[in-house]
Amino acid sequence: MSDKISSDDAYEADLQRLQLALVRYQQHAIAAGDKVLIIFEGRDAAGKDGSIQRITEHLSTRATRVIAPPKPSDREKTQWFFQRYVPWLPAAGETVIFNRSWYNRGGVEPVMGFCTEDEHEHFLREVPAFEGMLVDSGVRLVKLWLDVSRKEQKKRLEERRTDPLKALKTSPLDEAAQSRFDAYSDARDGMLRRTHSDKSPWTCVRSDQKKPARLDILRHLVRALAPEEIAREIEAPDPAILFPFELGALSDGRLAR
């Protein structure tokens, strides 16, 4: 029990220190007019919600928005694919976090048959140019892919079904997350290869251990976004947990299959 208390205390101390660094960065970002866009993608139950909660807990509610895009309306289905996302993009001094984004078309939609093969291919061709325009316009873009093993995902999905406090996290797609695990792996691999670029790179996170993953995500954000006087105080993430995407990440087993 004492070891667990010590571990929990260390986690809370690290979390508070990293959250303080994020607060300091947001003070700088508001004054400097930074436009920050953070995209969270990954498997179901990979820990996106919990990580976002820790990021935003002490940030300005006026300057921070979390967007979880709903199912597109009939009208939105007829628009240019990226059109519905544009109104949510950050203005000067704002931080916008997408809890899933246009990348639904890179994973969920093709696996579940919600888009055609042509629509999927068109998306993969267009998204690097779209994100390149965002970066060229001054948006500071961070893309995070959270991955979780089949075994850990199954455990977390079962907890959702049996815990009344997690009832709002359940989804009709939960069953497919396990039954189509390999199909999601294939869609992920193709999407990461096609949409990773120098301007808008992917960073991958192994999130079977929630707390270390959360801390490393905060470390990465501070080091990627904050000025040197803030970033230099924060140690680098554990490369076994958080690492830049490269083809080796797919071939050496560092992402779940």
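It should be noted that the structure appears before, not after, this text.
Everything numeric in this text was worked out from a predicted model, so none of it was measured. Here the residue numbers are simple positions, counted from 1 along each chain's written sequence. Only residues with pLDDT of 70 or above have their local features reported here, since the model is predicted, and side-chain atom pairs are shown and tallied only from 80 upward, although totals for entire chains, interfaces and linings are computed over all residues. To get the side-chain values, all heavy atoms of the structure are used, and hydrogens and water are removed first.

## Quick word on the packing of helix α4 (residues 117-136) against helix α7 (residues 181-195)
Where α4 meets α7, the closest approach of the two axes is 9 Å, and the angle between their N-to-C directions is 40°. Both α4 and α7 take part in a crossing whose hand is right-handed. Contacts between α4 and α7 pair Glu121, Leu124, Arg125, Val127, Pro128 and Glu131 from the former with Met191, Arg194 and Thr195 from the latter. Here the contact of α4 with α7 is built from residues that sort into four nonpolar, one polar and four charged. Axis lines are fitted to C-alpha atoms, over the contacting stretch for helices. Their N-to-C directions set the angle, which ranges from 0 to 180 degrees. Counting from the N terminus, the helices are DSSP H or I runs at least four residues long and the strands are E runs at least two residues long. Here a crossing is called left-handed whenever its near helix is offset anticlockwise from the far helix by less than a right angle, and right-handed whenever the offset is clockwise. Contacts: residue pairs with any heavy atoms within 4.5 Å of one another. Residues are sorted three ways: Asp, Glu, Lys and Arg are charged, Ala, Val, Leu, Ile, Met, Phe, Trp, Tyr, Cys and Pro are nonpolar, and all the rest, Gly among them, are polar.

## Details of the sheet that holds strand β1 (residues 35-42)
Spatial strand order, β2-β3-β1-β4-β5-β6: six strands in an open sheet with mixed pairing. Here the strands that pair on one side only, and so sit at the sheet edges, are β2 (64-67) and β6 (242-244). Each neighbouring strand pair of the sheet contributes to a mean axis angle of 20°, computed without reference to strand direction. Strand pairing is assigned whenever DSSP detects at least two bridges linking the two strands. In the sheet, β2 pairs with strand β3 (residues 95-99) via four bridges, with the strands oriented parallel. In the strand pairing of β3, Val66 is matched with Ile97.

## A look at the environment of Leu22
Relative to the elements of secondary structure, Leu22 occurs in helix α1 (residues 2-32). Using a relative accessible area of 6% as the deciding quantity, one classes Leu22 as buried. Expressed as a C-alpha distance, the spacing of Leu22 and Ala236, which sit 214 residues apart in the sequence, is 15 Å. Excluding its chain neighbours within four sequence positions, the residues that come into contact with Leu22 are Ile55, Leu59, Leu218, Leu221 and Val222. Partly exposed describes any residue whose relative accessible area lies between the buried limit of under 20% and the exposed limit of over 50%, with all areas from a 1.4 Å probe on protein chains only and scaled to the type maximum.

## Looking at the pattern of salt bridges
Salt bridges are identified by distance alone: a Lys or Arg side-chain nitrogen within 4 Å of an Asp or Glu carboxyl oxygen. One pass over the structure, following the stated rule, counts 27 salt bridges. Here Asp189 ties to Arg188 by a salt bridge, and the two come within 2.8 Å at their closest N and O atoms. Residue class for Asp189 comes out buried when judged on its relative accessible area of 8%. Across the salt bridge formed by Asp216 and Arg219, the nearest N and O atoms sit 2.7 Å from each other. Taken together, the residues Asp216 and Arg219, both in helix α8 (residues 210-225) and three residues apart, mark about one turn of the helix. Judged by relative accessible area, Arg219 falls into the buried class, the value being 10%. Via salt bridges that share partners, Arg43, Asp147, Asp186, Arg188, Asp189 and Arg257 belong to a single interconnected network.

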